[in-house]
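Geometric and topological summary
Listed below are the residues making up each chain.
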There are 2 protein chains.
Amino acid sequence: MSAEKLSFEDFQPGRRFALGPKPVAAGEIIEFASEFDPQPMHLDEAAGRASILGGLAASGWHTSSMFMRMMADSYVLHSLCEGAPGVDLMEWRKPVLAGDTLSGHSTVLEARPMRSRPGMGIVKFRHEVENQRGELVCVSENSVMFGMRSRPADIDKPGDISMSPEASA
Amino acid sequence: MSAEKLSFEDFQPGRRFALGPKPVAAGEIIEFASEFDPQPMHLDEAAGRASILGGLAASGWHTSSMFMRMMADSYVLHSLCEGAPGVDLMEWRKPVLAGDTLSGHSTVLEARPMRSRPGMGIVKFRHEVENQRGELVCVSENSVMFGMRSRPADIDKPGDISMSPEASA
């Protein structure tokens, strides 16, 4: 059915997926902030310079949303993704300023079948996003659910799968 | 200068701030997803019904962004907020579907002065957002930096402040 899409079995621990590049324009920063986070440093260059962020800076939630889009374009939209139950960690380490360009990668940390949802597995990733100077701006870890290519009974390579306790998802 | 704005001193452990209500329209879900998370279940009612989410469902990042806006309107925009270094926890516990109305509250867990930034303090919150049926849809914890009303040397109520180790922020 979806033979060409990435399935749970394709997310082996250690596999990396490239993210971006994604240039960040001042207009996008202001548009997002106007709707979701209208603090002065996200709306106005002078207010941003006067803040500890040092310039017109994207809302952390905007950075996270841009990072989601980079993941979507890299692998999520080409996979049997069934969504994510949340985020374990999200660090906004440096300001994302107007004119920056973001890139990065997602690395698979672990993968296991879900007992509660036969035919699906959960994959834990670590994500790192940096700016054009190679400075980490955003680090995140979260778990994502993917459909399996094969039915559970068909899995014949349990060596790839860590059978740690089931996530709450 | 900013006598009427909420400062670090106003975020005592246990204080609660109401969030919302925020109605969630189908058009908003599709607009956000088109830009940041274009997975089928966030773009199309039929695809949403066919997914484990059960209907046209907001991207988790959209839910988080709406939650940011509710915090902004409740207290962030009326405070000496200096931003947040990240998110410790973000659980998307139930789908947010078109037609839902979100509300909730932020509760102060702890507050402490920042040694690295005199005149600022960091406040850790737990946030809970529920839908119109009282079901928790989003639970989050994070720390936010606020300016102090008084200079550090003026603080005369250390009993309000837990002197736990400094955050990395």
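Residues numbered from 1 in each chain as written. Chains lettered and ligands numbered in written order. Predicted model: local features only at pLDDT ≥ 70, side-chain atom pairs only at ≥ 80, totals over all residues. Heavy atoms only, no water.

1. A closer look at the overall build of chain A
A tally of regular secondary structure across chain A gives 3 helices and 6 strands. Written out in order from the N terminus, the α and β elements of chain A read β-α-α-α-β-β-β-β-β. In chain A, which comprises 169 residues, the proportion classed as buried is 46%. Within chain A, residue pairs in contact and separated by at least 24 positions form 71% of the contacts whose partners lie at least 6 positions apart. For chain A, the exposed area adds up to about 7700 Å²; of that, 52% sits on carbon and sulfur atoms. (Helix = DSSP H or I, 4+ residues; strand = E, 2+ residues; numbered from the N terminus. Buried < 20%, exposed > 50% of the residue type's maximum accessible area, 1.4 Å probe, protein only. Contact = heavy atoms within 4.5 Å. Areas by Shrake-Rupley, 256 points an atom, 1.4 Å probe, with all protein chains shown as cover.)

2. Some words on empty space enclosed by the protein
In the structure shown here, the tally under the stated rule is 1 cavity of 30 Å³ or more. Estimates place the volume of the largest cavity at around 30 Å³. Forming the walls of the largest cavity are Trp61, Ser64, Val87, Met90 and Trp92 of chain A together with Trp61, Val87 and Met90 of chain B. Breaking the lining of the largest cavity down by element, the ones donating at least two residues are helix H3 (60-74) and strand S3 (89-92) of chain A. Considering only residue class, the lining of the largest cavity consists of 7 nonpolar, 1 polar and no charged. (1 Å grid on protein atoms, 1.4 Å probe; cavity = no way out; pocket = protein on both sides within 12 Å on 5 of 7 lines; lining within 4 Å. Points joined across faces, edges and corners; volume = space filled by probe spheres on them. Nonpolar A, V, L, I, M, F, W, Y, C, P; charged D, E, K, R; others polar.)

3. Some points on the interface of chain A and chain B
Each side of the interface is counted separately: chain A has 36 residues, and chain B has 35 residues. In total, about 3100 Å² of surface goes out of reach between chain A and chain B, with carbon and sulfur atoms giving 63% of it. Three residues, Phe36, Ile52 and Trp61 of chain A, lead the burial of chain A against chain B; their summed loss comes to 24% of the area buried on that side. Counting the contacts that link chain A with chain B gives 0 salt bridges. Counting across the chain A and chain B interface gives 10 residue pairs in polar contact (both at pLDDT 80 or more). (Buried area = accessible area lost by both parts, 1.4 Å probe. Salt bridge = Lys/Arg side-chain N within 4 Å of Asp/Glu carboxyl O. Polar contact = N/O pair within 3.5 Å; in protein donor to acceptor, adjacent residues only side chain to side chain.)

4. Regarding the pattern of salt bridges
All told, the structure shown has 22 salt bridges over all chains when counted by the stated rule. One salt bridge connects Asp73 of chain B with Arg69 of chain B, and the closest N-O pair in it is separated by 3.1 Å. With a gap of 4 residues between them, Asp73 of chain B and Arg69 of chain B both fall in helix H3 (residues 60-74), about one helical turn apart. A cluster of three or more residues bridged by salt bridges with shared partners is formed by Asp88, Lys124, Arg126, Glu128 and Glu141 of chain A.

5. Here we look at the sheet that holds strand S6 (residues 136-147) of chain A
Strand order across the open sheet formed by 6 strands is S1(A)-S4(A)-S5(A)-S6(A)-S3(A)-S2(B), with antiparallel pairing between neighbours. The open sheet has two free edges, formed respectively by strand S1 (16-23) of chain A together with strand S2 (86-87) of chain B, since each of these has just one partner strand. Sheet analysis places strand S5 (residues 120-130) of chain A next to S6 of chain A, joined by 11 bridges and oriented antiparallel. Paired with Phe125 of chain A across the bridge in S6 of chain A is Asn142 of chain A. Seen against the sheet, H3 of chain A touches S1, S3, strand S4 (101-113), S5 and S6 of chain A together with S2 of chain B and runs at an angle of roughly 125° to S1 of chain A. (Pairing = 2+ DSSP bridges. Axes fitted to C-alpha atoms, helices over the stretch in contact; angles between N-to-C directions.)

6. Overview of the pairing of S5 of chain A
All names here are of chain A. In the sheet, S4 pairs with S5 via 10 bridges, with the strands oriented antiparallel. Across the sheet, Ser103 pairs through a bridge with Glu130, a residue of S5. The antiparallel hairpin formed by S5 and S6 contains 5 residues in its connecting segment, where Gly134 sits at a positive phi of about 80°.

7. Examining the relation of the copies chain A and chain B
Mapping one chain copy onto the other needs a rotation about an axis and a shift along that axis. For the pair chain A and chain B, the superposition axis carries a translation of 0.0 Å, the fit reaches an RMSD of 0.0 Å, and the rotation angle comes to 180°. Viewed as a symmetry operation, the transformation between the two copies matches a two-fold axis. When C-alpha distances to the rotation axis are compared across chain A, the minimum falls at Leu89 of chain A, with a value of 3.0 Å. By residue overlap, the copies meet face to face through one surface: 97% of the interface positions of chain A are interface positions in chain B. (Least-squares fit on C-alpha atoms with pLDDT ≥ 70 in both.)

8. Here's the deal with the side chain of His42 of chain B
All names here are of chain B. The residue His42 is located in the loop between helix H1 (26-36) and helix H2 (45-50) in this model. His42 sits in the buried class, given a relative accessible area of 5%. In terms of polar contacts, His42 uses its side chain to reach the backbone carbonyl oxygen of Ala57, at 2.7 Å. Only 3.5 Å separates the side chain of His42 from the backbone nitrogen of Ser59, close enough to count as a polar contact. Among all residues touching His42, those that are not within four sequence positions of it are Ile29, Ile30, Ala33, Asp37, Leu53, Leu56, Ala57, Ala58 and Ser59.

9. Looking at the side chain of Asn142 of chain A
Residue and element names in this part refer to chain A. Examined against the element boundaries, Asn142 turns out to sit in strand S6. On the basis of relative accessible area, Asn142 is assigned to the buried category, the value being 4%. Within the structure, Asn142 has its side chain in polar contact with the backbone oxygen of Gly86 (distance 3.4 Å). Not counting residues within four places of it along the chain, the set of residues in contact with Asn142 comprises Ala84, Gly86, Val87, Asp88, Val123, Lys124, Phe125 and His127.

Function cannot be inferred from these measures alone, as they are strictly geometric.
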